[in-house]
Amino acid sequence: MLEIWVRDAISDVLRSYLKDIGQENDIATLLPKGIRLEFPKKEGFGEISTPLAMHLSPLLKISPRKIAETLSPALASFPLFRSVDIAGPGYLNFTFSEESIRETLRKILDPHSDLVVPEEGKRRILLEFVSANPTGPLHVGHGRGAAYGDALSRVLKAAGHDVTTEYYINDAGNQMEMLGRSTCLAWRKLQRTVSESEETDFLKGATPYKGDYIREIAQEMIDTPGLLSVEEARAALDPEAPESSYLSRFTEFSQDRIMDGIREDLRQFGVPFDVFFSEKVLHEKKEGEGSDAISRWIGRIREASADAREHSVPDVYESDGALWLRTTVLGDDKDRVLLRSDGRLTYFAADIAYHALKMERGFDVLIDVWGADHHGYIPRMDAAVRTLSRLLDRPVEFRVALIQLVSLVRDGRPVSMSTRGGEFVTLREVLDEVGNDATRFSYLTRSHESSLEFDLNKAKERSMDNPVYYVQYAHARVKSLLRQADARGLPIPSVWTAADLESLGEPAERDLVRFLDRFSMIVNDVSRSLEVHPLTEYLTDLAGRYHHFYFHHRILSQEPQDRSLTFARIALSVAVGRVLEKGLGLLGISAPDVM
RNA sequence: GCGCCUGUAGCUCAGUCGGAUAGAGCGAUAGACUUCGAAUCUAAAGGUCGGGGGUUCGAUUCCCUCCAGGCGCGCCA
C-alpha cells in the first residue's frame, strides 16, 4: 500500500508541477515506464526513494537537482511522509510518518483484507503445465514444472484472475504404440525367452521404454484374468501374428496404468488440475473422414488462407505433396508441415487444434509451461496462435514459460538420468525421501529459466541450506509466541485499532512493517512476470528479518508499563504470521503451527 | 553453422524493465541458550560481475564481439 500511496502522491505533485512549467505532455507520455520507486538497502537513503528527477531532467532540460528542489516541499506536505530529502544527483528520499506505518500494519492485520491487491482487468487464463507424455512416471524434471505451474496458478488467482489449470495428455501417435510394444515385449519375456532378432523385428529397430514400471504393468496383465482374450493372448505371443490383432490392448492398458500413476503422483504432490485434456479427443472422427477437430481447424485455416496473406499472417500452401503453414512470416526458421505427404497429420497440427479449442473456450490468456528442450517450438506455436487469433477475430495473449533442466546431486555426485533407458529418479522417490514442502521449496528457489541443481542430501537437511524449514520455523515461532501470550492471559484482539499500535515506532519495527507491506507488490510482480522465485526469496528474507527481530527484542514483557509495547509487538508478530502463511500457501507449502 | 538459455564470493544462487558503497545462504573462522522455541542469532572474512569494445551523467543490467557450458535446429512427439 505504501508504494501505491507514494506513487499517487508523486503523480499528484508532478502533475501540477508540469502544468506550472508549461509542459504540454502528461506523465504517461514523459515517463512511459512509469515513476520508478526504489527500496534502498542501505540506511540513510530514506525508506523509499525515486530517481525521478534524473529521469525527467533530460526531457525537461532542467537540472535534476532543481526539479527535486521544487517537488520536495510539495511532497513533504503530505501526511504520508515525515520527511522528504534530496540526495546525491537528485534522488528524492522519503521517510514515512508514524501514522502511515501504523495504518499499513492495521491493513495487514485486517482479517477482511486479502493481503494482495487485485490487479486491474480480471482475465480468463488457461495455464497448461506438466503435460508429460503418459509413457512413464513423472520424474524430477516434471516435478519442477508441477511445482512451478501450481504455485503460479495460485498466484494468478490471488492477483484476481480467473485461472483454469490443465494437463494435456499426449496419448495419440506412434509413441503410444511404442509404449504398447514395450509392454508387450516385457509381457512376452515374462513367459518365454525372446531372441534378439525377434526383439529387433518386433520393435522395428526403435528403442523400447524400459524400467521396472513396464515390467510391472506386463506382470499385472498376466495376473489379471480376462484382460486379453484367448485369441489375443495367443496372437501376442506369436511373432507372425499381425500387430493390429492385439497391440491396442497393451497400449491402452499401459497408458491407463501410467496415467493413474501420474495422477497419483500429482495428488501426492498436492498439485490439482481442473482439466485433463486428452489429445485423442482431437482425433475422434464422429461423422466420418475429416470430421475430427484437427482436420476441421486445419480446414478453416486453409479457407482463410488468402485473407491471412493480406494481413501478414501465415497462409497454408502445398509443397512436395504435403500441406504447410507459412510460419516464417512471423519469424520461424522454416515453414511447418501440417499434413504429411502420406496423409497423416503432424503433432503440430494437433497442437494447433488444441490451442484453437482453448481460445474457443473463451480464454484470453494462454500460458504454456514447457521443458526447455522445446524452446525451438515456440516460434511456430506463436505463429499458429496469431493465425488463429486473426481467424477467430479474438485478441489472445500467448505466453510460454520454459522450465530449465533439473540435475540431481546425491552425495556430491550427479545422478544420471535418461527416460528411455529407464534410469531416472522419479518424482515419487524424491517426495518419499525429501517430503513435499522441502521438495517444492527447493524447486522454487531458483528462476525457472535457470537450470537447477537439486541436492538430495541438502534438501533433507534441516538447516539454512534448506530454507523451507527456516521460513516454516518463523511461522511456528509466531504461533508459539501467541500460545505463550494466551497462556499469560494476554488477550489477542481480532480487530486491531490504531491505539493498539501506539507504541510502535522504533526502526526495527518500522522496517518490518514496511517489508510486510511489499508482499502484495511481490505477488503482483510474479503474476506479471511469471517468475515465481522472487516470492520464495521474499519469504526467506521476511523469515530472516523476523528471526532477527525476535532475537533482539523482548516481545512479551511482564512489566505493566510495557503493556502497550507488548501489544504492538504482538500485532507485528501476528502480521508476520499472516504474510508467511499466505505466502507459503501461494507456493503450495504448509505453514505449520508447531514443528 | 544458426537460434535460445546460462556465466556474479570457495559452492548454490539473488540482484527491482540503467541508479547511490554489487547482496543472501551454505562452507570455512570466532562467538551467544537461567528469560517469548538455538530448526535461532552475532561478528569478521570472501568479488577484474567470463574477456574486450561501445552507448550513457551513471552499466552486473542495454548494444557489438570473442570465450566457456547447457539445450534445440524432423513430413518425430
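Residues numbered from 1 in each chain as written. Chains lettered and ligands numbered in written order. Predicted model: local features only at pLDDT ≥ 70, side-chain atom pairs only at ≥ 80, totals over all residues. Heavy atoms only, no water.

Re the packing of helix H20 (residues 467-487) against helix H24 (residues 563-587)
When two helices pack together, you describe them by how their axes are tilted relative to each other and by the distance separating the axes. Running from amino to carboxyl end, H20 crosses H24 at an angle of 140°, the nearest separation of the two axes being 9 Å. Comparing their axes, H24 and H20 come out oblique. Taken as a pair, H20 and H24 cross one another with a handedness that is left-handed. Residues Val-471, Gln-472, Ala-474, His-475, Val-478, Leu-481, Leu-482 and Ala-485 of H20 touch H24, and the partners they reach there are Ile-570, Ser-573, Val-574, Val-576, Gly-577, Leu-580, Glu-581 and Leu-584. Tallied by class, residues from the contact of H20 with H24 come to 11 nonpolar, four polar and one charged. (Axes fitted to C-alpha atoms, helices over the stretch in contact; angles between N-to-C directions. Helix = DSSP H or I, 4+ residues; strand = E, 2+ residues; numbered from the N terminus. Parallel < 35°, antiparallel > 145°, perpendicular 65-115°, else oblique. Left-handed = near helix turned anticlockwise from the far one by under 90°. Contact = heavy atoms within 4.5 Å. Nonpolar A, V, L, I, M, F, W, Y, C, P; charged D, E, K, R; others polar.)

What to know about the protein's contact with RNA strand B
Taken together, 65 residues lie around RNA strand B, and Tyr-91, His-375, Tyr-473, Glu-537 and His-548 are the ones closest in. In the interface set of RNA strand B, defined as its atoms within 4 Å of the protein, sugar plus phosphate atoms amount to 66%. Taking Glu-449, its main chain carries an N or O atom lying 2.9 Å from a sugar or linking oxygen of RNA strand B. Ser-480 has a polar side-chain atom sitting 2.8 Å from a base nitrogen of RNA strand B. Counting residues per element, the ones that place at least two in the surface near RNA strand B are helix H3 (52-60), strand S3 (91-96), helix H7 (174-189), strand S8 (322-325), H20 and helix H23 (533-552). At eight residues, H20 tops the list of elements feeding residues into the surface near RNA strand B. Here the surface near RNA strand B is built from residues that sort into 24 nonpolar, 22 polar and 19 charged. (Near = heavy atom within 4 Å. Polar contact = N/O pair within 3.5 Å; in protein donor to acceptor, adjacent residues only side chain to side chain.)

Digging into the packing of aromatic side chains
Counted by the stated rule, this structure contains 20 aromatic pairs. With a centroid separation of 5.5 Å and an interplanar angle of 65°, the aromatic rings of Trp-370 and Tyr-377 are classed as edge-to-face. A relative accessible area of 11% means that Trp-370 is categorised as buried. Plain terms: the ring middles of Phe-515 and Tyr-538 are 4.7 Å apart, the flat faces sit at 10° to each other, and that makes the pair stacked. Residue Phe-515 is found in helix H21 (residues 507-517), and its partner Tyr-538 is found in helix H23; the two are separated by 23 residues along the sequence. (Phe/Tyr/Trp six-rings, centres within 6.5 Å; stacked < 30°, edge-to-face > 60°. Buried < 20%, exposed > 50% of the residue type's maximum accessible area, 1.4 Å probe, protein only.)

Notes on the pairing of S3
Within S3, five of the six residues are buried, leaving the element largely enclosed by the surrounding structure. Bridging between strand S1 (residues 48-50) and S3 involves three bridges; their strand directions are antiparallel. Paired with Thr-50 across the strands is Leu-92, a residue of S3. In this structure, strand S2 (residues 81-87) lies alongside S3, joined through six bridges in antiparallel fashion. Following the sheet pairing, Phe-81 is matched in S3 by Phe-96. In this structure, the hairpin formed by S2 and S3 is closed by a connection of three residues, where Gly-88 is found at a positive phi of approximately 55°. (Pairing = 2+ DSSP bridges.)

Structural notes on helix H9 (residues 212-223)
Helix length check: H9, at 12 residues, gives a terminal C-alpha distance of 16 Å against a target of 16 Å (1.5 Å per residue), a fit within 8%. Listed in full, the buried residues belonging to H9 are Tyr-213, Ile-214, Ile-217, Ala-218 and Met-221. When H9 is viewed along its axis, its buried side chains cluster within an angular range of 140° and face the same direction. Looking at H9, the residues exposed on the side facing more than 90 degrees away from the buried face are Glu-216 and Asp-223. (Expected span 1.5 Å × (residues − 1). Arc of directions from axis to C-beta.)

A word on the nonpolar core
By size, the foremost hydrophobic cluster in this structure holds 148 residues, and its most contacted members are Tyr-167, Tyr-443 and Leu-535. When residues in this core are grouped by element, the largest group, 13 residues, is from H24. Among residues more than four places away in sequence, those in contact with Leu-535 are Val-155, Phe-519, Ile-522, Val-523, Val-526, Gly-583, Leu-586 and Leu-587. Of all hydrophobic cores here, the second largest spans 34 residues; its members include Leu-325, Ala-356, Tyr-377 and Leu-402. (Core = buried A, V, L, I, M, F, W, Y, C linked by side-chain atoms within 4.5 Å.)

Things to note about the domain arrangement of chain A
Segmentation of chain A into domains returns domain 1 (2-96), domain 2 (174-268) and domain 3 (467-586). On a C-alpha basis, the centroid separation for the pair domain 1 and domain 2 is 69 Å. (Domains from an automatic or database assignment.)

Side note on the sheet that holds strand S12 (residues 406-410)
Spatially, three strands are ordered S13-S12-S14 in an open sheet, and the strand pairing comes out mixed. Two strands close off the open sheet at either side, each with one partner strand: strand S13 (413-415) and strand S14 (452-455). Averaged over all adjacent pairs, the angle separating strand axes in this sheet is 40°, with direction ignored. Where S12 and S13 come together, three bridges link them in antiparallel fashion.

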